[in-house]
Structures are given as C-alpha cells and as structure tokens.
Amino acid sequence: MLARTPPGERRPHLPLRLKEQLDLCSQYPERVLFLDIETTGLSHHYDEITVIGWSIGGRASTMVKGDSHHRLREDARHALALVTFNGIRFDQRFIRQEFPDVAFPVHHIDLMYLCRRVGLTGGQKAIERELGLDLRGEIAEIDGFAAVLLWHRYLRGDVAALETLVRYNRADIAAMGAIFDHVIDRFQIEPDLFLQRSAFRDWAAPSGWIELPPFQSPRAELSSAPTYEELLGGSPAESARVVGIDLTGSEARGSGWCLLEGKKASFKTVFTDADLLELTLSSKPDLVSIDSPLCLPAGRVSVEDSDPGRARFGIMRECERELKRRGVNVYPCLLPSMQKLTARGIRLATSLRRLGVPVIESYPGAAQDIMRIPRKGAGIEWLKLGLADFGVIGDLAVASHDELDAITSALVGSFHLSGLVEAMGTSEEPPLIIPKLDGKAHPIIIGISGPIAAGKTTVAQSLEKLGFAYTRFSLVIDEELKSRGMPLDRHHRQALGDEINRTGRQRWLAEQTLSRVGDASAIVVDGLRFAEDHAFLAERAGGSFLHVFVDADENTRRQRYALRPADGDFDAASASDVEGQVQPLRSLADIVFPNVGSKDDISPFAMNLAAQMRAKTCQSLS
C-alpha cells in the first residue's frame with residue numbers, strides 16, 4: 001500500500017492549476033502519454049535522439065532512430081496530458097528540435113518537479129530506490145551513460161544491445177507510472193466529483209510492455225560514420241603538422257601530447273612546460289591545438305580570486321556561457337579547481353605565439369561527436385576504436401586516455417585548418433574552436449612583412465587592386481597617435497609600436513588591424529612586424545593564411561628610401577627596436593619574394609599569388 005504523509009506533517013500544497021491537471025489525468029488515464037527518450041549525450045545542440053518510448057491507451061510503443069515518427073505524432077495529437085521525468089528541460093526540447101511537427105498536449109506534468117513537492121529529490125532511479133520500486137530486473141545496473149554505449153554497440157551490429165536499450169527505456173516509462181501513483185497518494189487528495197483515482201502504473205506499463213518488437217541490424221545510414229578522407233581529404237589539413245595537447249593543471253601530472261601529420265599520429269606523455277615547449281617547437285607545427293582555457297573573461301587581469309575585477313566580471317567566459325546554453329556541462333575557466341590549468345594554458349600559448357607559432361583553444365568533445373565516438377568517460381577502448389575507424393594512423397593500442405585526448409585535440413586543429421569550425425568568442429576574448437561541418441569558410445589572409453623600403457606596400461596594394469581588402473598595422477597606430485595628440489611620423493609610429501608590443505597588447509593591435517576590413521573574404525595585411533602578428537593571422541585564417549616576406553638588398557632599399565625625405569634617416573629607421581624584429585619573420589614566411597626589379601615585376605607576382613590562394617580555398621571547400 002502506498003505511504004501517505006506521516007501523522008503530524010503538513011499535507012503538501014497543491015496549486016489549483018496542478019490539481020486541475022491531475023484531475024484531467026485521473027478522468028482520462030487512457031489519454032495520458034508517458035514518454036521517455038534516449039540520446040547520444042546531454043547536449044541538444046551536439047547530440048541526437050536514438051530511441052523514443054511511450055505508452056498511451058494501453059499500448060507501449062518504441063521508435064528507433066531512422067524509423068517513421070508517424071505513430072508518435074498521432075499519439076501526441078490524441079493525448080490530453082504528457083508525463084515525463086525531467087522532460088521539460090530535456091526530452092521535450094530534443095523532440096521539438098528533431099521532430100517539430102510533433103505537437104504535445106499543453107498539459108505537461110514533469111515528475112521531477114512534482115516529486116520535489118512531496119520531498120522526493122534526485123534522479124528517477126534514486127526516487128525508485130527510495131520508494132522501493134523494482135521494475136528493472138536484470139537491467140537494474142544500467143544508467144543513462146551505459147545507454148549511450150548500448151547505442152554505439154548497436155551501430156556496430158550488436159542487435160542485442162538495442163534490445164537492452166529499449167528494455168531500459170521501457171522500464172523508465174513503467175516506473176514513471178508507479179512514481180506518479182505514489183506522489184498523488186502523498187498529496188492526499190480527497191476524491192470528489194472531478195477526481196477518480198486511477199492506477200497510472202497500469203497505463204505506463206500496459207499488458208505486454210516487456211515484449212519487444214523484432215529489431216533489424218542498423219541501416220547503412222545509421223551505422224556509417226564519417227572518415228578523415230571524407231571530411232579532410234584534399235584540404236590543407238592533409239599535408240599539415242598539427243600538435244595537440246591535452247593539458248593538465250600541474251607539471252606533476254603528465255599532459256597528453258600528439259603530433260598529427262595528416263592523419264598519422266605520434267604521441268607521448270609530457271610533464272614540464274619546458275619539455276612541452278621543446279617538443280612542440282622541434283616538431284615545427286603549422287598549428288598547435290590546446291585543450292585548456294587560453295584566455296581570461298573580459299575585464300579580468302589574473303586567475304586569482306583576489307583579482308579586483310572578480311566581483312564585476314565573474315569567472316566565466318562567453319564561450320562557456322554559450323556551451324551551457326547548448327546543454328554542454330563545461331567548467332568556468334576561473335573556478336578554483338580550474339585556475340591553475342587556465343594560468344598554465346595562457347602561459348604556454350603566450351610563449352608559443354611570441355615565437356610565431358599559431359595556437360588555438362580546442363574543444364575535443366565536439367570533434368568526437370562529429371566522428372561518432374562516445375564522449376570522454378565512455379572508456380578508453382571506445383576512443384581507440386573510434387579514432388581508428390575515423391582514419392587516424394598510429395599505435396593507438398598503447399595510447400593512454402590523455403594521449404587519445406591529445407590526438408582528438410589535434411584533430412580539432414585539422415578541422416580548423418580546413419575551415420570546418422565555429423569560432424566561439426568575442427572581440428575581447430579569443431575564440432574557443434568548435435568543429436562544425438557547415439562552418440563559415442575562413443577568409444583568405446595574405447600577410448606582408450619585410451624590411452624598410454623592400455616594397456611591402458607596393459605588393460599589398462597590387463593585391464588590393466585584385467580585390468583584396470587592404471589593411472595595415474600602422475593605420476591603427478596612427479589612430480592611437482592622433483588620440484594622444486602626437487605627430488604621425490615614422491619615429492613616433494615605431495616608438496608606439498614598440499610600446500604596444502612590450503606591454504602585451506600585440507594581439508590587440510592585430511585584432512584592431514583586422515577589424516578594419518570587417519567580414520571581407522579576401523584580405524591583405526600590410527606591415528607585419530612581430531612573430532606574434534604571424535601567429536595571430538594564422539590562427540584566424542587557418543589553412544587560408546599565407547605569409548609573404550618581401551625582401552631586397554640594402555643598397556636597393558637605401559635608394560628607394562631616399563625618395564621618401566619625410567621619413568627621415570634610413571640608418572636611424574633601420575636601427576629601431578621594432579625594425580629589429582622584422583628579420584626573424586623571414587623564417588616564418590611561406591614565400592620570400594626578392595623584390596629587386598621594377599614595380600612592373602610586382603603585378604604578375606601578385607596576380608599569381610591571388611590565383612593560387614583562391615584556387616586553394618575553393619579546393620579545400622569542395
């Protein structure tokens with residue numbers, strides 16, 4: 001017999017609206033729809049429904065992904081009330097997204113909230129245990145996470161795994177009816193003309209509910225997963241060297257490290273920052289992808305809680321807020337347990353970028369979704385199997401969990417180089433990179449560097465005539481000089497450029513320079529001066545970035561400079577600290593153009609350059 005509220009305790013409050021809904025259910029139990037779904041994960045944005053189960057009118061039904069949802073649509077149309085457990089936040093949102101033509105009744109009783117009114121808290125299985133319900137039998141140990149793995153086993157041909165998944169789903173629905181009965185009993189609702197007590201357990205678990213329909217092997221469109229060749233073949237990633245790092249918060253704990261050459265992975269566990277830097281730099285990567293927060297929330301200046309902006313700006317970045325909106329459980333970057341990791345990630349990325357190495361912050365979980373691999377925590381064997389099926393080559397059998405995550409992080413870098421990503425950030429917070437197969441293509445960016453009077457601007461302006469949006473670093477510096485009331489001459493430009501670099505604002509300068517051309521699809525950036533400029537532009541454009549170093553011998557440059565009397569003395573300009581940073585850019589450049597001829601020689605070079613970049617981008621998008 002169901003337990004009532006103990007003597008002496010106040011009867012739980014029952015709002016009029018809720019009482020009317022319970023009245024309706026009790027009068028028409030045959031039109032109450034009990035429903036539960038199974039998914040590949042918790043995010044409505046990245047995950048998908050695998051199984052939908054429901055009971056109504058004395059019939060239990062199941063729909064497996066790929067089946068027609070006609071019966072569900074009709075049963076939902078006929079129902080007067082919907083009963084779920086956590087369905088308002090979860091089940092209903094998934095179904096509306098995947099099956100927008102399914103119209104549920106306006107009366108939705110979410111048992112999770114109803115249980116709280118009578119003092120029952122926790123998940124559904126915890127409440128079942130508290131109430132002494134036993135409807136699960138041999139599948140009692142299966143939980144939501146195991147359900148995800150059952151689906152992946154089915155996709156690999158294990159039909160028995162699907163049968164177990166459906167039994168689990170139906171047990172959830174059957175238990176809802178028993179919980180519903182118990183909660184109504186705790187409310188101690190007195191029967192009246194509008195309320196006739198019904199045993200909802202019998203409607204949620206009708207006769208034959210444990211008998212399953214026959215299931216077939218998964219159809220090809222369900223079991224097939226994308227491969228490296230299908231997604232990244234022919235793209236810049238295929239010939240790239242990408243380092244992936246699954247960073248830990250302490251040097252005492254090893255970080256997973258991987259070098260991905262195309263789809264060939266070599267990996268190891270690395271402990272110290274010095275070793276991570278040495279190994280990464282010696283690998284000469286085109287891109288480094290780090291699974292760690294790489295910036296602070298806008299307005300913060302340190303990771304510590306003593307930061308004066310802690311109260312105003314908080315501990316979470318906009319990318320983390322957006323992930324939470326998408327149903328992804330992500331830790332705020334400045335949560336106490338995350339502070340050391342965030343500080344270490346920023347430190348490592350800064351060191352690499354100052355040497356000209358582009359670095360992105362990656363999100364391996366989204367890449368695993370694309371590759372149809374269960375998320376982290378599913379088990380190391382699933383990661384190994386999924387990465388191998390995707391096409392990664394390497395001795396994965398000996399890889400640790402952290403090393404497998406580093407491989408996945410490197411794959412995010414491969415997606416980035418190919419333009420198959422979403423950059424999730426703000427103008428003040430560098431982006432977190434999310435793989436996205438219909439991501440907006442990266443703009444073509446050609447960066448021009450070189451010594452004074454080598455002809456950088458002439459090359460850049462030739463590209464501008466060919467349709468490239470033109471911008472240059474000195475334009476932003478000039479705006480800053482104007483705001484300070486200072487002269488617009490080379491001396492003051494170089495001094496301010498040196499100040500910006502020394503005070504850690506070089507990426508700000510690059511951001512402002514790039515923002516001048518808005519959403520242009522082809523851009524030429526004139527006047528790169530620091531290795532960090534190269535890293536910034538390479539991060540933004542992925543595989544669509546090209547760095548051209550324009551050079552000429554000193555005598556030629558002196559002669560050209562002499563035609564600019566307003567720019568002052570050649571030797572003084574060449575000796576500045578900013579100019580001293582230019583020669584190292586030569587080793588970072590993709591092309592060194594010896595500009596020793598006339599201006600007529602530059603136009604053919606620019607035309608060839610533009611054609612190559614546009615052809616390369618079109619090829620990677622196809």
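Coordinates for the structure precede this section.
The rules behind the values
- Residues numbered from 1 in each chain as written.
- Predicted model: local features only at pLDDT ≥ 70, side-chain atom pairs only at ≥ 80, totals over all residues.
- Heavy atoms only, no water.
- Helix = DSSP H or I, 4+ residues; strand = E, 2+ residues; numbered from the N terminus.
- Buried < 20%, exposed > 50% of the residue type's maximum accessible area, 1.4 Å probe, protein only.
- Contact = heavy atoms within 4.5 Å.
- Areas by Shrake-Rupley, 256 points an atom, 1.4 Å probe, with all protein chains shown as cover.
- Lys, Arg positive; Asp, Glu negative; His and termini not counted.
- Charge placed at Lys NZ, Arg CZ, Asp CG, Glu CD.
- Pairing = 2+ DSSP bridges.
- Axes fitted to C-alpha atoms, helices over the stretch in contact; angles between N-to-C directions.
- Parallel < 35°, antiparallel > 145°, perpendicular 65-115°, else oblique.
- Nonpolar A, V, L, I, M, F, W, Y, C, P; charged D, E, K, R; others polar.
- Salt bridge = Lys/Arg side-chain N within 4 Å of Asp/Glu carboxyl O.
- Arc of directions from axis to C-beta.
- Core = buried A, V, L, I, M, F, W, Y, C linked by side-chain atoms within 4.5 Å.
- Polar contact = N/O pair within 3.5 Å; in protein donor to acceptor, adjacent residues only side chain to side chain.
- Left-handed = near helix turned anticlockwise from the far one by under 90°.

Novice: So what exactly am I meant to see when it comes to the overall build of the protein here?
Specialist: A tally of helices and strands in the protein yields 26 helices and 17 strands. With the C-alpha coordinates aligned to their principal axes, the bounding extent of the protein is approximately 100 × 50 × 50 Å. Burial status across the protein gives 54% buried among its 622 residues. If you take every contact in the protein between residues at least 6 apart in sequence, the share linking residues at least 24 apart comes to 71%. Counting only carbon and sulfur atoms, one obtains 51% of the accessible surface of the protein, whose full area is about 27800 Å². Considering the protein, the positive charge centre built from 73 side chains and the negative charge centre built from 84 side chains are found 3 Å apart.

Novice: Just to check I follow, could you spell out the sheet that holds strand β4 (residues 81-84) for this structure?
Specialist: Within a sheet, adjacent strands bond to each other through the backbone by hydrogen bonds, running parallel or antiparallel. A sheet is described by the order of its strands in space; here five strands give the open sequence β3-β2-β1-β4-β5, paired in mixed fashion. Each edge of the sheet is formed by a strand with only one pairing partner; in this case those strands are β3 (59-64) and β5 (107-110). Across the sheet, the mean angle from the axis of one strand to that of its neighbour is 20°, orientation sign disregarded. In this structure, β4 lies alongside β5, joined through four bridges in parallel fashion. Within β5, the position partnered with Thr84 by the bridge is Asp110.

Novice: Got a minute to help me understand the packing of helix α20 (residues 490-502) against helix α21 (residues 506-515) in this structure?
Specialist: Geometrically, a packed helix pair is captured by the angle between its two axes and the distance between the axes. Direction vectors running N to C along α20 and α21 enclose 120°, while the axes themselves pass 7 Å from each other. Our classification of the angle between α20 and α21 gives oblique. On the side of α20, the interface is formed by Gly497, Ile500 and Asn501, while α21 contributes Gln506, Trp508 and Leu509. Across the contact of α20 with α21, the residue classes break down as three nonpolar, three polar and no charged.

Novice: How should I be thinking about the pattern of salt bridges in this particular structure?
Specialist: Pairing is possible between side chains that carry opposite charge, provided their charged atoms lie close to one another. All chains considered together, the criterion is met by 38 salt bridges. The partner of Arg325 in a salt bridge is Glu322, with the nearest N and O atoms 3.0 Å apart. With Arg325 and Glu322 both in helix α13 (residues 318-325) and three residues apart, the pair spans about one turn of that helix. Of the residues examined, Arg325 reaches a relative accessible area of 43% and is grouped as partly exposed. Close ionic contact of Arg558 with Asp571 constitutes a salt bridge, the shortest N to O distance being 2.4 Å. With Arg558 in helix α23 (residues 554-562) and Asp571 in helix α24 (residues 570-574), the pair connects residues that are 13 residues apart, well separated along the chain. You can call Asp571 partly exposed: its relative accessible area is 41%. Each of Glu318, Glu322, Arg325, Arg326 and Glu422 takes part in salt bridges that share partners, so that together they form one network.

Novice: What exactly am I supposed to notice about the sheet that holds strand β15 (residues 522-528) here?
Specialist: A sheet is described by the order of its strands in space; here five strands give the open sequence β14-β15-β13-β16-β17, paired in parallel fashion. What marks the edges here is a single partner per strand, and that holds for β14 (469-472) and β17 (591-594). Averaged over all pairs of adjacent strands, the angle between strand axes in this sheet comes to 25°, irrespective of strand direction. In terms of strand pairing, strand β13 (residues 444-449) meets β15 through six bridges, oriented parallel. Counted as the bridge partner of Ser449 is Leu528 from β15. The sheet strands contacting α21 are β13, β14 and β15, and the helix crosses β15 at an angle near 140°. Lying over the sheet, helix α22 (residues 531-541) contacts β13, β15 and β16 (545-551), oriented at roughly 150° with respect to β16.

Novice: I tried to follow helix α18 (residues 456-465) on my own but got confused; where do I start?
Specialist: Think of an α-helix as 3.6 residues a turn; residues three or four steps apart then line up on the same face. Of all the residues in α18, the buried ones are Lys456, Val459, Ala460, Ser462 and Leu463. The buried residues of α18 occupy one face: seen down the axis, they fall within an arc of 155°. One or two steps after α18, the chain reaches Gly467, where phi turns positive at roughly 105°.

Novice: Got a minute to help me understand the nonpolar core in this structure?
Specialist: Within soluble globular proteins, side chains that are nonpolar tend to cluster in buried spots. Ranked by internal contacts, the top residues of the largest apolar core, which has 33 residues, are Cys258, Leu387, Phe390, Val392, Ile407, Leu411 and Phe415. Mapped onto this core, the elements with two or more residues apiece are α10 (228-232), β7 (255-261), β8 (264-270), α15 (364-370), α16 (380-390) and α17 (401-417). Looking at which element gives the most residues to this core, the answer is α17, with eight residues. Excluding its chain neighbours within four sequence positions, the residues that come into contact with Ile407 are Cys258, Ala265, Phe267, Leu387, Val392 and Leu396. Counting residues in hydrophobic clusters, the runner-up holds 27 residues, among them Ala81, Leu120, Ile179 and Phe187.

Novice: Honestly, the pairing of strand β9 (residues 287-290) in this entry has me stumped. Any pointers?
Specialist: In regular strands, side chains alternate between the two faces of the sheet. Side chains Leu287 and Ser289 of β9 all project onto a buried face; the interleaved residues Val288 and Ile290 project onto the opposite face, where all are buried too. For strand β6 (residues 241-246) and β9, the ladder comprises four bridges, and the chain directions are parallel. Directly across from Val243, in β9, lies its bridge partner Val288. Across three bridges, the pairing between β9 and strand β10 (residues 359-362) is parallel. Across the sheet, Ile290 pairs through a bridge with Glu361, a residue of β10.

Novice: Just checking my understanding: could you explain the side chain of Arg326 for this structure?
Specialist: When you line up the elements, Arg326 lands in the loop between α13 and α14 (339-354). Engagement of the side chain of Arg326 in a polar contact is seen with the side chain of Tyr46, the distance being 3.0 Å.

Novice: For this particular structure, what's the right way to read the packing of α16 against α17?
Specialist: As a packed pair, α16 and α17 sit with axes 10 Å apart at the nearest point and diverge in direction by 35°. The handedness of the crossing between α16 and α17 comes out as left-handed. Contacts between α16 and α17 involve Ile380, Leu383, Lys384, Leu387 and Phe390 from the first element and His401, Leu404, Asp405, Ile407, Thr408, Leu411 and Phe415 from the second.

Novice: Is there a simple way to think about the pairing of β13 in this case?
Specialist: With six of its six residues buried, β13 lies for the most part within the structure. Every second residue of β13 is oriented toward a common face, with Ile444, Ile446 and Ile448 on one face and Ile445, Gly447 and Ser449 on the other, all of them buried. In this structure, β13 lies alongside β16, joined through five bridges in parallel fashion. Within β16, the position partnered with Ser449 by the bridge is Phe549.

Novice: Would you mind showing me how to read the environment of Arg241 here?
Specialist: Here Arg241 lies in strand β6. Residues Arg241 and Pro285 lie 44 residues apart in sequence; the distance between their C-alpha atoms is 4.9 Å. At 2.7 Å, the side chain of Arg241 and the backbone oxygen of Ser283 are in polar contact.

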